[in-house]
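One letter stands for each residue in the lines below.
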Amino acid sequence: MPVPHILVENIVKTFRIAQRRSGLWGAFQGVLRREYRTIKALDRVSFELAQGELVGYIGPNGAGKSTTVKVLSGILVPDSGRCEVDGRVPWRNRIANAANIGVVFGQRTQLWWDLPVIESFDLLRDIYRIGSGEYERARDELAALMDLEPLYDIPVRQLSLGQRMRCDLAAALLHAPSVLFLDEPTIGLDAVSKLAVRDFIKRLNRERGVTVVLTTHDMDDIEALCERVMVIGHGSILSDSTLDDLRARVTRERRLIIDLLDDGQAIEDPDVDFISRSGNRVHLQFDPDRVQTAALISRITAKYAIKDLYVENPPIEEIISRLYDEHELR
Amino acid sequence: MANPLALYTHYVSISLRSQMQYRVSFILGTMGQLLGTAVEFIGILALFDRFGSLSQWSLAEVAFFYGLVNVAFAVTDMLSRGFDHVGDLVRTGEFDRMLLRPRSTVLQLIGQEFTLKRFGRFFQGGGVLLWSTLYLDIAWSPAVVALTAVTVICGACFFLGLFINIGTLSFWTTETLELMNVLTYGGIEASKYPLAIYRTWFRRFFTMVIPMGCVTYFPILAILGRPDPLGTSLAFQYTAPFFGLLYFVLSLFIWRLGLRHYRSTGS
Amino acid sequence: MIQSFVLPYTAVLSARFRMILQYRAAAIAGFVTQIGWGAIRVMAMEAFYRSTNAPQPMNLEDVVTYVWLGQALLGLLPWNPDTEVRTMVRSGTVAYELVRPVNLYAYWFSRSLAFRIAPTLMRSIPLALLALLFFGMQPPASPEALVVWLAATLGAVLLSTALTVILTITLMWTISGEGVALLVSPVIYILAGMVIPLPLFPDWAQFALEILPFRGICDAPFRLYMGHIPITEAWTVLLHQLIWIIVLVAFGAWLLSKATRRLVIQGG
């Protein structure tokens, strides 16, 4: 087996949090005495990523996603455990590690707010010590991929969210990192920008072999990009598998969506459960282990007047939400 | 390939350009700074008008103290606002962004902001300094000129050390700025008068714990050619500024400890 | 009826208090800072008083008390605009303030009131106690002096709040959320008596200092406290404060209406 590009082994990280009391009197008390409680942000987290893998890293807020990313990028030192990124221990070689990774936060830009985009890029060249030849090559390539040149002279504060995200992605990649951490890269973007960002991430991963860790709440991102998904909750990895395996493990059910010719009808069958109905469209659910899909469909088409019919997997949101329910998250 | 100095120059040019986008705010800010230090000097003038002298010190001498301290401090004040903002940067996550970059955090923080409006203090202090030299009889030998330059430079380094301390403390508490104001602005406030007028515990504190006197009072005595009422030797007065430099180096070391704390608690 | 009318203002007052009280470190830090500053000023004044035997308009003992009162009540000075509004101006969300179904001036006044009182309350009492016990600050000259001082302090709070609101309103003419406040605050600082006690200014300056509103924030209440202004003249201080409060509130309300009209026309 090749050496993993990212190795995480039994990482533990605890935080001490000051308790705030409520009310005016509580605030007064807080001035004098403060109580703390300890929380385990990461509780023996382990995983490995091969060079060029693209993995989705999901979990509810506060589950430990960003703590993991902070450990991997060398910002945080864990309490215990082992971790290597491209052969380096991130927190021991912060600077060397930083030169080899790129990080994008969807909520925050790393560009200089009041300056034209190109000036931020130029400054990053100096910060990352990129040679001018390499810099221009990398910049022009990224600009061509995401159509950035028209944005060069616009101050960042005047960019739309989608434009800004494209610039931020480029900014994180100017120094040609071998690992990219993306935190909610599509948050708040319009549909077109989302597609553009996803397309770019996919190409980056396929064509350049950049290892990508993607944390997101947008399950369409996961569906579009990730073969492998890791789910974290309460500081532990709950599931680490391909998307299909995760689906199969959490639920076997399939969706049956029927467009009826006559909206007065109600569909009744012992093997299906009713979910919802809007106008002529009825959403049903069945277990393919109990009844053969083909048999069920022929039975229903024989019995009712049907315009159209499809079988689908339940949406990924639902699978994740079930997984959370199983582990009593939220 | 950018060395730290080239990178710093780049930071400064960027900072200047963003400030120039808010020209009105810049002009008002500079004037505000000028006025803020000017009212302090007006206070000194009014007191000399009432009392004639301050112990054995003349108005021109006090003005020299006042001017030199403000010039040294203004230089640092222009460079080191970033350290004042560490608390905010930590809260907003911007500090994490600095840790994500392959550069020293100190360099990035100094580069964060070049505060042009602090020129207000610089001009005001410089003006008072020049005015005082008209009334003082300073023997400008090469040694005295050199000492003046060294005093300003070491003074600026010393104040930078204090600002680094402010930033370091922000790793532990969220609102520490004010506490350190005792040392920065309080120190400036104190240093505008000769250290000799203060009580013993205070003089000791600002010589031995926080060596503010070493970059203001003692070398200025040598520049003015006045014997020290406290009895220090000329040799000490000439070497004192280097304690300010030492303090700066020590502050960098403590910064590293603070950074280690931050990276293990993430708070 | 009255309760529902006042509720939004008291709610914002209480919320502000809670927010400010959370900053424990700020309270302690401010406390230490104020003591340090006070000590420096007192020592400098001592040195000046050592330099002369000529009689002065105020004796050293009174000056020391004056300095410590100033340190304890420093937070009352209208030295900066409401920081929340500054953030709103910077982010361009200040227009939302206009949507609230309340009198905007009264709303901002309540908020600035808390903004001035809460941090001051935190540090003034312990600081004054320490100064009284250890640093040579004198108790009030008489029980009557205490009473008129308290009345004048209430006037000072309102005066300061009225000025704070005006500073806050001027922010709306800028994009960066800074502005006139930067120029005004050093002026207020010296004219209120925070740099040196006002009686120590040259005699030719005294008339102007008496007329201007700023002495009502520090100087006049302090001198009532120590009996430097006799009780029989206390009414002049209170009247002076009252007139200026009315003038400044009226001016602030007028300025705010101009500012909001401008905001509406420009579309925020």
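Residues numbered from 1 in each chain as written. Chains lettered and ligands numbered in written order. Predicted model: local features only at pLDDT ≥ 70, side-chain atom pairs only at ≥ 80, totals over all residues. Heavy atoms only, no water.

Asks: For this particular structure, what's the right way to read the overall build of chain B?
Replies: When you go through chain B residue by residue, the secondary structure sums to 16 helices and 0 strands. At 19 Å, chain B has a C-alpha radius of gyration in line with the 18 Å of a compact globule built from 267 residues. Counting only C-alpha atoms and orienting by the principal axes, one finds that chain B spans roughly 55 × 40 × 35 Å. Each of the 267 residues in chain B was classed as buried or not, and the buried ones make up 60%. (Helix = DSSP H or I, 4+ residues; strand = E, 2+ residues; numbered from the N terminus. Rg over C-alpha atoms; globule rule 2.2 N^0.38 Å. Buried < 20%, exposed > 50% of the residue type's maximum accessible area, 1.4 Å probe, protein only.)

Asks: I'm lost on the overall build of chain C in this one. Help?
Replies: Check the secondary structure of chain C and you find 10 helices and 0 strands. Going residue by residue from the N terminus, the α and β elements of chain C occur as α-α-α-α-α-α-α-α-α-α. Within the span of chain C, comprising 268 residues, buried residues form 57% of the whole. The contacts of chain C with a sequence gap of at least 6 include a subset with a gap of at least 24, amounting to 82%. Of the roughly 11600 Å² of accessible surface on chain C, 72% is carried by carbon and sulfur atoms. (Contact = heavy atoms within 4.5 Å. Areas by Shrake-Rupley, 256 points an atom, 1.4 Å probe, with all protein chains shown as cover.)

Asks: Would you take a moment to explain empty space enclosed by the protein for this structure?
Replies: To find leftover empty space, one rolls a probe the size of a water molecule over the atoms. Residues and elements named next belong to chain C. A full pass over the atoms with the stated rule returns 4 cavities of 30 Å³ or more. Here the largest cavity is characterised by a volume of approximately 200 Å³. Lining the largest cavity we find 22 residues, and of these Arg-41, Met-45, Met-194, Val-195 and Ile-196 sit closest to its centre. Of the residues contributing to the lining of the largest cavity, the split by class is 14 nonpolar, 4 polar and 4 charged. (1 Å grid on protein atoms, 1.4 Å probe; cavity = no way out; pocket = protein on both sides within 12 Å on 5 of 7 lines; lining within 4 Å. Points joined across faces, edges and corners; volume = space filled by probe spheres on them. Nonpolar A, V, L, I, M, F, W, Y, C, P; charged D, E, K, R; others polar.)

Asks: I tried to follow the packing of aromatic side chains on my own but got confused; where do I start?
Replies: Pairs of aromatic rings are described using the distance from one ring centre to the other and the angle between the two planes. By the definition in use, this model includes 37 aromatic pairs over all chains. Consider the rings of Phe-95 of chain B and Trp-255 of chain B, whose centres lie 6.3 Å apart with planes at 80°: the pair is edge-to-face. Taken together, the residues Phe-95 of chain B in helix 6 (residues 94-99) and Trp-255 of chain B in helix 16 (residues 241-265) connect sequence positions 160 residues apart. With relative accessibility at 0%, the residue Phe-95 of chain B sits in the buried group. Look at Trp-255 of chain B and you get buried, because its relative accessible area is 2%. The structure contains a cluster of three or more aromatic residues connected by ring pairs, namely Phe-73, Phe-158, Phe-159, Phe-163, Tyr-185 and Tyr-247 of chain B. Directly above the ring of Phe-105 of chain A sits Arg-108 of chain A, whose terminal nitrogen or CZ lies 4.7 Å from the centroid. The ring of Trp-57 of chain B carries the charged tip of Arg-226 of chain B above its face, separated from the ring centre by 3.9 Å. (Phe/Tyr/Trp six-rings, centres within 6.5 Å; stacked < 30°, edge-to-face > 60°. Lys NZ or Arg CZ within 6 Å of the ring centre and 35° of its normal.)

Asks: I would appreciate a short explanation of unusual backbone geometry in the present structure.
Replies: Note on backbone geometry: most residues besides glycine have negative phi, and most peptide bonds are trans. Residue and element names in this part refer to chain A. Despite not being glycine, Arg-129 shows a phi value in the positive range, around 55°. Tracing the chain through its elements places Arg-129 in the loop between helix 4 (117-127) and helix 5 (132-146). Phi angles above zero are rare outside glycine, and Asp-147 is one such case at about 55°. Mapped onto the fold, Asp-147 is located in the loop between helix 5 and helix 6 (161-173). With relative accessibility at 49%, the residue Asp-147 sits in the partly exposed group.

Asks: Got a minute to help me understand the pattern of salt bridges in this structure?
Replies: Residue and element names in this part refer to chain A. Counted by the stated rule, this structure contains 39 salt bridges over all chains. In this structure, Asp-43 and Lys-40 form a salt bridge, with 4.0 Å as the shortest nitrogen-oxygen distance. With its nearest N and O atoms 2.7 Å apart, the salt bridge here joins Asp-114 to Arg-157. Here the residue Asp-114 occupies a position in the loop between strand 5 (101-105) and helix 4, and Arg-157 occupies one in the loop between helix 5 and helix 6, the gap between them amounting to 43 residues. According to the relative accessible area criterion, Arg-157 is partly exposed, its value standing at 32%. Connected via shared salt-bridge partners are Lys-194, Arg-198, Asp-218 and Asp-221. (Salt bridge = Lys/Arg side-chain N within 4 Å of Asp/Glu carboxyl O.)

Asks: Please clarify how the interface of chain B and chain C should be interpreted in this entry.
Replies: Interface size is often expressed as the accessible area that is lost when the parts come together. The partner chain C presents 42 residues to the 39 residues of chain B that form the contact. For the pair chain B and chain C, the two sides together bury roughly 3600 Å², of which 71% comes from carbon and sulfur. Linking chain B to chain C there are 4 salt bridges. Among the salt bridges present, the one from Glu-46 of chain C reaches Arg-199 of chain B, with a minimum N-O distance of 2.5 Å. Summed over the shared surface of chain B and chain C, the result is 9 residue pairs in polar contact (both at pLDDT 80 or more). For the side of chain B that touches chain C, the elements supplying multiple residues, two or more each, are helix 2 (23-51), helix 10 (177-181), helix 11 (185-191) and helix 12 (200-209) of chain B. A per-element tally of the side of chain B that touches chain C places helix 2 of chain B first, with 17 residues. Here the side of chain B that touches chain C is composed, by residue class, of 20 nonpolar, 11 polar and 8 charged. (Buried area = accessible area lost by both parts, 1.4 Å probe. Polar contact = N/O pair within 3.5 Å; in protein donor to acceptor, adjacent residues only side chain to side chain.)

Asks: Looking at this model, I keep getting lost on the sheet that holds strand 7 (residues 211-215) of chain A. Mind explaining?
Replies: Whether parallel or antiparallel, the strands of a sheet pair through hydrogen bonds between backbone atoms. All names here are of chain A. A sheet is described by the order of its strands in space; here 6 strands give the open sequence 5-6-7-3-8-9, paired in mixed fashion. A strand with exactly one partner marks an edge of an open sheet, and here the two such strands are strand 5 and strand 9 (236-242). Neighbouring strand axes in the sheet, compared pairwise and without regard to direction, differ in orientation by 15° on average. (Pairing = 2+ DSSP bridges. Axes fitted to C-alpha atoms, helices over the stretch in contact; angles between N-to-C directions.)

Asks: Looking at this structure, how should I read the environment of Ala-156 of chain B?
Replies: All names here are of chain B. Secondary-structure assignment places Ala-156 in helix 9 (residues 142-169). Assessed through its relative accessible area of 13%, Ala-156 is described here as buried. Linking Ala-156 and Ile-254, residues 98 residues apart in sequence, is a C-alpha distance of 18 Å. For Ala-156, the residues in contact, after removing those within four places along its chain, are Ala-72, Val-75 and Thr-76.

Asks: Even after reading the chapter, I still don't get a nonpolar patch on the surface, so can you show me in this structure?
Replies: A cluster of nonpolar side chains, contributed by Leu-121, Ile-125, Leu-129, Leu-132, Leu-133, Phe-134 and Phe-135 of chain C, occupies part of the molecular surface with about 700 Å² of accessible area. Assignment of secondary structure puts Leu-129 of chain C in helix 5 (residues 104-134). (Patch = residues over 30% accessible without salt bridge, like charges linked within 9 Å, V, L, I, M, F, W, Y side chains within 5 Å.)

Asks: I'm lost on the sheet that holds strand 10 (residues 254-260) of chain A in this one. Help?
Replies: All names here are of chain A. If you walk across this open sheet you meet the 4 strands as 11-12-10-13, and the pairing is antiparallel. Pairing within the sheet leaves two strands with one partner each, and these edge strands are strand 11 (272-278) and strand 13 (306-312). Put simply, the sheet's adjacent strands are angled 20° from each other on average, direction ignored. Sheet topology note: the strand 10/strand 13 ladder contains 6 bridges and is antiparallel. Along strand 13, the bridge assignment pairs Arg-255 with Glu-312. The strands that helix 10 (residues 293-303) touches are strand 10, strand 11, strand 12 (281-286) and strand 13; relative to strand 13, the one it contacts most, it runs at about 160°.

Asks: I tried to follow the packing of helix 9 (residues 243-250) of chain A against helix 11 (residues 316-326) of chain A on my own but got confused; where do I start?
Replies: Helix-helix packing is described using two parameters, namely the angle between the two axes and the distance between the axes. Residues and elements named next belong to chain A. At a minimum axis distance of 10 Å, the contact between helix 9 and helix 11 shows a crossing angle of 55°. Viewed along their axes, helix 9 and helix 11 adopt a mutual orientation that is oblique. For the pair helix 9 and helix 11, the sense of crossing is left-handed. Counted together, Leu-243, Leu-246, Arg-247, Arg-249 and Val-250 of helix 9 and Ile-316, Ile-319, Ile-320, Arg-322, Leu-323 and Glu-326 of helix 11 form the full contact between these two elements. (Parallel < 35°, antiparallel > 145°, perpendicular 65-115°, else oblique. Left-handed = near helix turned anticlockwise from the far one by under 90°.)

Asks: Whenever I open this one, the confidence of the model for chain C confuses me. Can you help?
Replies: For residues with low pLDDT, the predicted coordinates do not support detailed interpretation. On average, residues of chain C carry a pLDDT of 86, and 90% of them reach 70 or more. Looking at the elements of chain C, mean pLDDT is at its lowest for helix 1 (residues 2-22) of chain C, recorded as 68, and at its highest for helix 9 (residues 219-225) of chain C, recorded as 95. (pLDDT = per-residue confidence, 0-100.)

Asks: What is the right way to read the nonpolar core from this model?
Replies: If you look at soluble globular proteins, the nonpolar side chains tend to sit buried side by side. Counting 242 residues, the largest nonpolar core has Ile-6 and Phe-121 of chain A, Phe-95, Tyr-193 and Trp-255 of chain B together with Trp-108 of chain C as its most contacted members. Aside from chain neighbours lying at most four places away, what touches Tyr-193 of chain B is Ile-44, Leu-47, Leu-54, Val-62 and Tyr-198 of chain B together with Ala-44 and Phe-48 of chain C. Counting 13 residues, the second largest nonpolar core, distinct from the first, contains Ile-258, Leu-260, Val-282 and Leu-284 of chain A. (Core = buried A, V, L, I, M, F, W, Y, C linked by side-chain atoms within 4.5 Å.)

Asks: Explain the environment of Thr-33 of chain C to me, please; I cannot follow it from the model alone.
Replies: Note on placement: Thr-33 of chain C falls in helix 2 (residues 24-50). With 162 residues separating them in the primary sequence, Thr-33 of chain C and Val-195 of chain C have C-alpha atoms 16 Å apart.

Asks: Looking at this structure, I do not really get the environment of Arg-226 of chain B. What am I missing?
Replies: Residue and element names in this part refer to chain B. Secondary-structure assignment places Arg-226 in the loop between helix 14 (217-224) and helix 15 (234-239). Taking C-alpha positions, Arg-226 is 10.0 Å from Ile-138, a pair spaced 88 residues apart along the chain. Those residues within four positions of Arg-226 in sequence are excluded, and the remaining contacts are Gln-56, Trp-57, Glu-61 and Leu-221. A distance of 3.2 Å separates a polar side-chain atom of Arg-226 from the backbone oxygen of Gln-56.

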